[in-house]
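Spelled out, the chains give:
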Amino acid sequence: MLELSILGFLAEEPLHGYELKERIKALSGHVRPVSDGALYPAINRLVAAGKLDQHTEEGASAAPRRVLSLTAKGRADLMERLRTPQQAEITDHVRFNTVLAFLRHLADPAEQAAVLRRRLDFLETPASFFYRDGEPVRAEEADDLFRQGMLRVARATGTAERAWLREAIEVLGQRS
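To start, this report covers the structure provided alongside it. Computed from a predicted structure; not experimentally measured.

Digging into the sheet that holds strand β2 (residues 52–57)
- One open sheet accounts for three strands, arranged β1-β3-β2; its pairing is antiparallel. The open sheet has two edge strands with one neighbour each: β1 (15–16) and β2.
- Both β1 and strand β3 (residues 65–70) contribute to a ladder of two bridges, which runs antiparallel. In the strand pairing of β3, Leu15 is matched with Leu68.
- Sheet contacts for helix α3 (residues 36–48): β2 and β3; angle to β3, the most-contacted strand, approximately 55 degrees.

Here it is in structure tokens:
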């Protein structure tokens with residue numbers, strides 16, 4: 001997720017490390033904060049792999065800043081990650097939002113729709129936070145107020161997301 005965020009934001013424009021960290025934090029920081037101890041090693045791996053380029057610019061009132069930009073190899077990696085997200089990037093809501101944040105970079109509406117279909121297929125599989133005798137527990141079957149609340153909110157959110165996914169897939173189908 002971190003590398004996808006780095007590649008995605010740098011596909012939009014060159015950024016220095018602090019700007020990049022702030023954008024990643026705005027995207028998912030309240031749920032999964034990004035630390036310097038995770039960000040800068042990830043940047044260094046991507047630079048070493050030839051996916052990012054870096055150069056130094058003078059700071060306005062501070063020390064020189066390292067500016068990062070995406071290379072052709074980095075753009076190709078981003079496109080592949082968007083075309084074929086890992087299963088966890090489909091099933092985990094925060095990770096899927098990261099994919100969604102950059103899915104517009106894929107030029108082919110059919111490829112975009114294929115990613116959305118994978119998420120829709122996942123959401124249409126019966127699931128719950130709680131199970132009884134191997135079966136998902138519905139809100140009406142939960143044994144306490146708080147679990148009922150969790151399940152009702154999840155159901156409403158899932159219903160809204162499935163509706164949006166169907167609409168988006170239809171729109172993308174018209175663009176193909």
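Brief notes about the side chain of Ser69
- Along the polypeptide, Ser69 turns up in strand β3.
- Beyond its immediate stretch of four places on either side in the chain, Ser69 contacts Pro14, Lys51, Leu52 and Asp53.

Examining the nonpolar core
- Ranked by internal contacts, the top residues of the largest apolar core, which has 35 residues, are Ile6, Leu10, Leu20, Leu52, Leu82 and Leu116.
- Among the elements of the structure, α1 (2–12), α2 (17–29), α3, β3, α4 (72–83), α6 (93–102), α7 (109–123) and α8 (145–175) are those that each provide at least two residues to this core.
- In terms of residues, this core owes the most to one element, α1, which gives six residues.
- In this structure, Leu82 is in contact with Leu4, Val99, Phe102, Leu103, His105, Leu106 and Val115, ignoring residues within four places of it in sequence.
- Counting five residues, the second-largest nonpolar core is a separate cluster that includes Phe130, Ala139, Ala142 and Leu151.

What counts, and where the lines are drawn
- Residues numbered from 1 in each chain as written.
- Predicted model: local features only at pLDDT ≥ 70, side-chain atom pairs only at ≥ 80, totals over all residues.
- Heavy atoms only, no water.
- Pairing = 2+ DSSP bridges.
- Helix = DSSP H or I, 4+ residues; strand = E, 2+ residues; numbered from the N terminus.
- Contact = heavy atoms within 4.5 Å.
- Axes fitted to C-alpha atoms, helices over the stretch in contact; angles between N-to-C directions.
- Core = buried A, V, L, I, M, F, W, Y, C linked by side-chain atoms within 4.5 Å.
- Buried < 20%, exposed > 50% of the residue type's maximum accessible area, 1.4 Å probe, protein only.

Note that every value here comes from positions in space, so none of it alone points to a role or purpose.
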